[in-house]
Amino acid sequence: MENNRLRHVVTKVLVDLMFFGGIVAWVALPFIMPLLLGFTGVYGGFRGQYTVVLMGAGACAIYILYQLRSMFKTLVGGNPFVPQNVSCLRKCAVASGVISLIFLARTLMWFTIAGAMVVVIFAILSLFCLTLKDLFKQAVSYKEETDWTV
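Residues numbered from 1 in each chain as written. Predicted model: local features only at pLDDT ≥ 70, side-chain atom pairs only at ≥ 80, totals over all residues. Heavy atoms only, no water.

Q: Run through the packing of helix α3 (residues 83-109) against helix α4 (residues 113-149), naming residues and quoting values.
A: Interhelical geometry of α3 versus α4 gives an angle of 165 degrees and a closest axis separation of 8 Å. Judged by the angle between their axes, α3 and α4 are roughly antiparallel. The chirality of how α3 crosses α4 is left-handed. In terms of residue class, the contact of α3 with α4 is built from 19 nonpolar, seven polar and five charged. (Axes fitted to C-alpha atoms, helices over the stretch in contact; angles between N-to-C directions. Helix = DSSP H or I, 4+ residues; strand = E, 2+ residues; numbered from the N terminus. Parallel < 35°, antiparallel > 145°, perpendicular 65-115°, else oblique. Left-handed = near helix turned anticlockwise from the far one by under 90°. Nonpolar A, V, L, I, M, F, W, Y, C, P; charged D, E, K, R; others polar.)

What follows is the structure, given as structure tokens:
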């Protein structure tokens with residue numbers, strides 16, 4: 001059990017680092033976009049469109065990481081099956097769906113295999129989060145039922 005707890009704490013620290021690093025990257029993105037486009041060789045006329053796509057998807061990714069931070073607090077606290085986590089998983093599913101839609105629009109405008117893969121991956125992630133939400137909802141129901149019977 002102590003090994004699992006250590007793993008949970010390490011994972012929480014990594015999620016925290018990704019969350020704060022994501023915020024820094026999101027804020028810096030408009031300023032470093034010309035440099036990034038220079039490395040890729042993409043025409044500078046797409047700078048605004050790429051910035052909008054990455055800022056929108058980045059905001060959703062930061063929101064997902066925020067929800068994961070909230071969930072890890074309950075996990076490290078020893079009580080992961082709470083209604084709050086059901087809500088967090090639903091919000092993660094919505095944010096993943098939004099990322100999928102953003103990249104779908106991007107893929108329809110500028111098709112790339114990577115863009116199409118992002119659409120599929122985040123659509124599957126959205127469905128996965130909805131499935132986990134239902135599992136957690138059922139677990140919360142069972143937990144509350146056993147708490148009342150004891």
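Don't stop here, the text continues.
Q: Describe a nonpolar patch on the surface, with residues and values.
A: Residues Leu6, Val9, Val10, Val13, Leu14, Leu17 and Met18 make up a contiguous nonpolar surface patch of about 630 Å² in total accessible area. Examined against the element boundaries, Val13 turns out to sit in helix α1 (residues 2-40). Taking relative accessible area as the criterion, Val13 reaches 45% and is therefore assigned partly exposed. (Patch = residues over 30% accessible without salt bridge, like charges linked within 9 Å, V, L, I, M, F, W, Y side chains within 5 Å. Areas by Shrake-Rupley, 256 points an atom, 1.4 Å probe, with all protein chains shown as cover. Salt bridge = Lys/Arg side-chain N within 4 Å of Asp/Glu carboxyl O. Buried < 20%, exposed > 50% of the residue type's maximum accessible area, 1.4 Å probe, protein only.)

Q: For the packing of aromatic side chains, give the residues involved together with the corresponding values.
A: Considering all chains together, one arrives at four aromatic pairs under this definition. With a centroid separation of 5.0 Å and 70 degrees between ring planes, the pair formed by Phe19 and Phe20 is classed as edge-to-face. On the basis of relative accessible area, Phe19 is assigned to the buried category, the value being 9%. By relative accessible area, Phe20 is classed as partly exposed at 46%. With a centroid separation of 5.2 Å and 45 degrees between ring planes, the pair formed by Phe81 and Phe136 is classed as tilted. (Phe/Tyr/Trp six-rings, centres within 6.5 Å; stacked < 30°, edge-to-face > 60°.)

Q: Outline the environment of Pro34, listing residues and values.
A: Along the chain, Pro34 turns up in helix α1. As for Pro34 and Arg47, which are separated by 13 residues in sequence, their C-alpha atoms are 7.1 Å apart.

Q: Tell me about helix α2 (residues 47-76), residues and numbers included.
A: With 30 residues, α2 extends 42 Å from end C-alpha to end C-alpha; this agrees with the ideal 44 Å at 1.5 Å per step. The positive-phi residue at the C-terminal boundary of α2 is Gly78, with phi of around 90 degrees. (Expected span 1.5 Å × (residues − 1).)

Q: Mind laying out the nonpolar core, listing which residues take part and the relevant values?
A: Note that soluble globular proteins tend to have their nonpolar side chains buried in a common cluster. Among the nonpolar cores identified, the biggest contains 17 residues, and Met33, Tyr50, Ile64, Ile99 and Phe103 are the most heavily contacted of them. Those elements that provide at least two residues to this core are α1, α2, α3 and α4. Top element by residues in this core is α2. It accounts for six residues. When near neighbours in sequence (up to four residues on either side) are disregarded, Ile99 contacts Ala57, Cys60, Ala61, Ile64 and Phe122. Grouped together as the second largest cluster of nonpolar side chains are six residues, Val86, Leu89, Phe136 and Val140 included. (Core = buried A, V, L, I, M, F, W, Y, C linked by side-chain atoms within 4.5 Å. Contact = heavy atoms within 4.5 Å.)

Scope: geometric values only; no functional claims are made or implied.
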